[in-house]
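A structural walkthrough
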Amino acid sequence: MSFDLQKIIESKRALRRKLASKPLAEKMRLLEQLSERAASIKRARSASKSDSK
Amino acid sequence: VNIQQVLQVINQMQSDAIIERYAVGGAVGATFYLEPVATLDVDIFVAFQPEPGHLIVSPKAIFDYLARRGYAMEGEYVVITGTPVQFLPTNGPLVEEGLEEAVTHHLDGIPARVFTAEHLAAIALQTGRAKDKARLLQFVEEGALDSARFKDIVTRHGLETQWQRFERQFLDDIP
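Just so it is clear, the structure is predicted and the values come from calculations on it, not from any experiment.

**Remarks on the overall build of chain B**
Check the secondary structure of chain B and you find eight helices and seven strands. Expected size for 175 residues packed as a compact globule is a radius of gyration near 16 Å; at 17 Å, chain B falls within 12% of this value. Relative to its 175 residues, chain B shows a buried fraction of 49%. Sequence separation of 24 or more characterises 64% of the internal contacts of chain B that already satisfy a separation of 6 or more. A total of about 8,400 Å² of accessible surface is found on chain B, and carbon and sulfur atoms cover 50% of it. Side-chain charges of chain B comprise 14 positive and 24 negative groups, with the mean position of each set lying 3 Å from the other.

**Concerning the side chain of Arg-135 of chain B**
Counting through the fold element by element, Arg-135 of chain B comes out in helix 6 (residues 130–141). Not counting residues up to four positions away in its chain, the partners in contact with Arg-135 of chain B are Gly-26, Ala-27, Ala-30 and Leu-34 of chain B.

**Side note on the environment of Thr-83 of chain B**
Residues and elements named next belong to chain B. Locating Thr-83 in the fold gives a position in strand 5 (residues 83–89). Overall, Thr-83 belongs to the buried group, its relative accessible area being 1%. Measuring from C-alpha to C-alpha, the distance between Thr-83 and Ala-38 comes to 13 Å, with 45 residues separating the pair along the chain. Within the local environment of Thr-83, its side chain forms a polar contact with the backbone nitrogen of Asn-2, the two atoms lying 2.8 Å apart.

**Remarks on the nonpolar core**
Within the largest apolar cluster, 60 residues are counted, with the highest numbers of intra-cluster contacts made by Met-13, Ile-44, Ile-62, Leu-66, Phe-87 and Phe-139 of chain B. Tallying contributions element by element places helix 5 (residues 117–127) of chain B first for this core, with seven residues.

**Details of the pattern of salt bridges**
Evaluation of the coordinates by the stated rule reveals 14 salt bridges over all chains. Linking Arg-16 of chain A and Glu-35 of chain B is a salt bridge whose minimum nitrogen-to-oxygen distance equals 3.2 Å. Placement of the pair is Arg-16 of chain A in helix 1 (residues 5–20) and Glu-35 of chain B in the loop between helix 2 (26–31) and strand 2 (42–48), with the two residues belonging to separate chains. For Arg-16 of chain A, a relative accessible area of 24% gives the class partly exposed.

Here is what the cut-offs are and how they apply
Residues numbered from 1 in each chain as written. Chains lettered and ligands numbered in written order. Predicted model: local features only at pLDDT ≥ 70, side-chain atom pairs only at ≥ 80, totals over all residues. Heavy atoms only, no water. Helix = DSSP H or I, 4+ residues; strand = E, 2+ residues; numbered from the N terminus. Rg over C-alpha atoms; globule rule 2.2 N^0.38 Å. Buried < 20%, exposed > 50% of the residue type's maximum accessible area, 1.4 Å probe, protein only. Contact = heavy atoms within 4.5 Å. Areas by Shrake-Rupley, 256 points an atom, 1.4 Å probe, with all protein chains shown as cover. Lys, Arg positive; Asp, Glu negative; His and termini not counted. Charge placed at Lys NZ, Arg CZ, Asp CG, Glu CD. Polar contact = N/O pair within 3.5 Å; in protein donor to acceptor, adjacent residues only side chain to side chain. Core = buried A, V, L, I, M, F, W, Y, C linked by side-chain atoms within 4.5 Å. Salt bridge = Lys/Arg side-chain N within 4 Å of Asp/Glu carboxyl O.

The following block contains the structure:
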């Protein structure tokens, strides 16, 4: 591990390529998990907004 | 989001002649070629059947069909097994061509008509919002495009200026 920004960017790019090359069904399962996480964050954000009113 | 169940419903709509053709677009469409990204909805581009006696195409037949099967409407969305699905009409020659040339992928054995990577990228270029540009950049960086085919689409649909601007803004610095 390093704090070399160029290496960090390159490793992120490599991870994205690795994810992109996964089988379609696995990618869709990941998409569903990510979407559920995004929805949870959205719900939490809405709840904290209404609490602060 | 449950893509397989949504696809089964859309395929059935096609079998029942409610829609002529469809193609999955947006983040879900892009995931067929790129890494998965979070999305809260599924974009389905469709060629609408004009209603008898009407010149203007309407999504009413789609909504009626789905409502009869118990699916709820939420604003512009139809919620299919918990997933908000947005039906989008073809809004010009680029999307029409994309629908014509969409390819069939299979997801757990379920056929899915999806825009080609090059059409998804060109539609993103044409739409031009920040998130579309980010997606286009992913297509380019991940080498997911057939460059000649993409540039042909860009040229034929008059998107050269947007592409040159995009190249200057995002690609000139890529080593």
